[in-house]
Each structure stands twice: as structure tokens, then as C-alpha cells.
Amino acid sequence: MTLPFTPFHMGAGLVVKPGMDRNFSVITFGIAQIAMDVEPGIGMLTGAAVLHGPSHTVLGSLVIACIVMLVSPWACCLLLKRWNKEVTHYGLARWVQQETPPKKAVVLGAFFGTLSHVALDGLIHHDIQPLLPFSGSNPLAGLVAHDAVYQACVVAGVLGAAAWCAEGVVTKGGKPFTKQTIYKMLHNRMYLGEIVHKGQSFPGQHQAIVTHAQWDAVHALIATDGIERRRETNDRQREPVLLRGLCCSRPMANGWCPATPSRRARPTATTPRSDTGALARGPASTGHNRQRLLRNW
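This is a predicted model, so every value here is computed, not measured. (Residues numbered from 1 in each chain as written. Predicted model: local features only at pLDDT ≥ 70, side-chain atom pairs only at ≥ 80, totals over all residues. Heavy atoms only, no water.)

### Quick look at the pattern of salt bridges
The condition that has to hold: Should a side-chain nitrogen of Lys or Arg be within 4 Å of a carboxyl oxygen of Asp or Glu, the pair is scored as a salt bridge. The way it works is that DSSP assigns letters per residue, a run of H or I at least four long becomes a helix, a run of E at least two long becomes a strand, and they are numbered from the N terminus.
All chains considered together, the criterion is met by two salt bridges. Here Glu86 and Arg82 are joined by a salt bridge, their closest N and O atoms 3.0 Å apart. Of this pair, Glu86 and Arg82 both sit in helix H4 (residues 58-89), four residues apart, which is roughly one turn of that helix.

Here is the structure:
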């Protein structure tokens, strides 16, 4: 028996929240789910033969989204005020949220909430006719197994919630997690139960939390990724410079060529002097040089 107001639909909203951040309102998305399930809830109480009627069509969902857009800002403000008061009381300042969500976040939360609800229910309920009044068919029915839809929603919700909660997490030194931080973690042999001293690892007295098989599998992926990055870098270096020899510092000078003395130095452009053959250097991206190039051309 299907129950109204099920939390499974929230998985779709939670999985997109980390990537869209403040441009997407999860509260508005949740309100949209409740609004969409009002009709099935009433149908179950009254014993209706069809639970998913006009509200579970594309046109009906758009109308409900517009209604949610009007109600959501007031509800978000009320809920977030209470939320911010609680997290501030417990010293969780990084969880404080903006009490008034942006209009864009409300619009996306409302429309994505209702339309995704129709799409997910269309996969598992055969009484849905999402294309009414243009068509009485349900092209989504049977595309994915019933249990697979629920499992996907649960997995998406867990992963999305974990990624959302991880936003703003910092290291012990108060620095945000970066690619370098994760790289150091993946190369820390303490997770293997070992201690490194002067470049050599020795068995430690603490218990390992990662097996050698897991360690080898991760580092095999890291090595493969490194090879791919080096190959891409070499391919870029072999590509011809399209403007080589076309940019000149003065009418009679030879063309500029790209040159980078070191990684930390700014890219410079070099051109041999026509009289001595010595190299003249200058920043390739300054506005002064660009103006001279345009005049000389």
C-alpha cells in the first residue's frame, strides 16, 4: 500500500542541492512534495479508484508549483528563523542559513519539485497520465523497476545530504578541504597501521582502518589518473601556437614567440631583434603592448 507524503521524493532535491547551493531551496522542494501528495492523500481517505489525477500531470504540476512559490517564502522564513536560533544556541555557526531564500532558489525548488514528482511517480504508478489533456498514455510506466526507483531515491538522498553537510568542513588548521588535502590523506600510511620515519614506514601500534587491498586499488587509480593528465599535458604542448610569428612589437621586428622561464614567472613573449639577434622580452598580456600591436598592424 502506497502512503502519501513519502520522503523518497526528497532524494532528487538533496542530490542537486550541493551543486546549486543557495540557488536551490530544499524547503521549497519539500513543500512541493507535500502539495503534490495532497490529492493522493484525500483519495486514500475517501477510497477513490484513481489516486493520481490532475495534480500528477505536467500542467497540473506547473499550477501547483506557482502556488508553492507564493507560500514558500513565508514558510522558509518561519522555519529558518527557528533553525538558526537552535544551531546558534549549540554553537554551530556554520549551519546558519539565510532566512529569506533568493527568488531564484524558490522558483527552482518549486518547479523542480513538482516536475520531478510527476516523473518519479510516473515510473511506478500506472494510474498516472502525465500528458493530459493532450494524451492519455504514460510513456514513463515500466521504464524502471518499482524497487529500483525507491533505491535510487534513497541513495541519491544519502549522498546528497552527505555532500551538503560536508560543505564548509575545514581541516584541523582551519583550512578548507582542497585537492591537495585529499591527496595527502590518500597517501597517509597511518591509515594502514604504519608510521613513517625518514621516508621509511614501520608497523605501528595502532589498528589499521584501511586494508592493503583497498590501498593498492586506490593508488592504482591515482597512478592511472596521473598518466592521463601527463598525456593531456604533452598533447597540449605539441599543439601549434596559432599566433606564433604574427605579433610584432614594431613594424620591422620578427614575430613574437611564447616563452615561460619558470612555473612561477609570468608568461612572456620573446622576439629577436633584427639588428643583433638578441632576445627582447616583455609581458605578453599587458594593455600597453596590446595597444602597440594594434597600431603596428
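### Looking at the environment of His52
To keep things clear, this is the line we draw: Relative accessibility under 20% of the residue-type maximum defines a buried residue, over 50% an exposed one, and the middle range a partly exposed one, all with a 1.4 Å probe and only protein chains included. Should any heavy atoms of two residues lie within 4.5 Å, those residues are counted as being in contact. Pairs of N or O atoms are called polar contacts if they sit within 3.5 Å, as long as, within protein, a hydrogen donor faces a hydrogen acceptor (for residues adjacent in sequence, only side-chain-to-side-chain pairs).
With respect to the element layout, His52 can be found in the loop between helix H3 (38-46) and H4. Residue His52 is classed as buried on the basis of its relative accessible area, which comes to 7%. Between the C-alpha atoms of His52 and Asp37, which are 15 residues apart in sequence, the distance is 8.7 Å. Contact partners of His52, with chain neighbours within four places excluded, come to Glu39, Pro40, Asp121, His125, Asp127 and Ile128. Within the local environment of His52, its side chain forms a polar contact with the side chain of Asp127, the two groups lying 3.0 Å apart.

### Here we look at the nonpolar core
Keep this limit in mind: In this description, a nonpolar core means a group of buried Ala, Val, Leu, Ile, Met, Phe, Trp, Tyr and Cys residues linked to one another through side-chain atoms lying within 4.5 Å.
Membership of the largest hydrophobic core is limited to 11 residues, which are Ala12, Leu14, Phe24, Val26, Phe29, Leu120, Leu123, Ile124, Val149, Tyr150 and Cys153. Of all the secondary-structure elements, those providing two or more residues to this core are helix H1 (10-20), helix H2 (26-36), helix H5 (103-124) and helix H6 (146-166). Ignoring any residue separated from it by four or fewer positions in sequence, one finds Cys153 in contact with Phe8, Gly11 and Leu120. Grouped together as the second largest cluster of nonpolar side chains are seven residues, Met36, Ile64, Val68 and Ala110 included.

### Some details on the packing of H5 against H6
The following threshold applies: As a rule, the C-alpha atoms of each element are fitted with a line to give its axis, helices using only the stretch in contact, and angles between N-to-C directions run from 0 to 180 degrees. Think of it as three bins: nonpolar holds Ala, Val, Leu, Ile, Met, Phe, Trp, Tyr, Cys and Pro, charged holds Asp, Glu, Lys and Arg, and polar takes everything else, Gly as well.
Direction vectors running N to C along H5 and H6 enclose 150°, while the axes themselves pass 8 Å from each other. Here Leu120, Leu123 and Ile124 of H5 come into contact with H6, specifically with His146, Val149, Tyr150 and Cys153. Partitioning the contact of H5 with H6 into residue classes produces six nonpolar, one polar and no charged.

Scope: geometric values only; no functional claims are made or implied.
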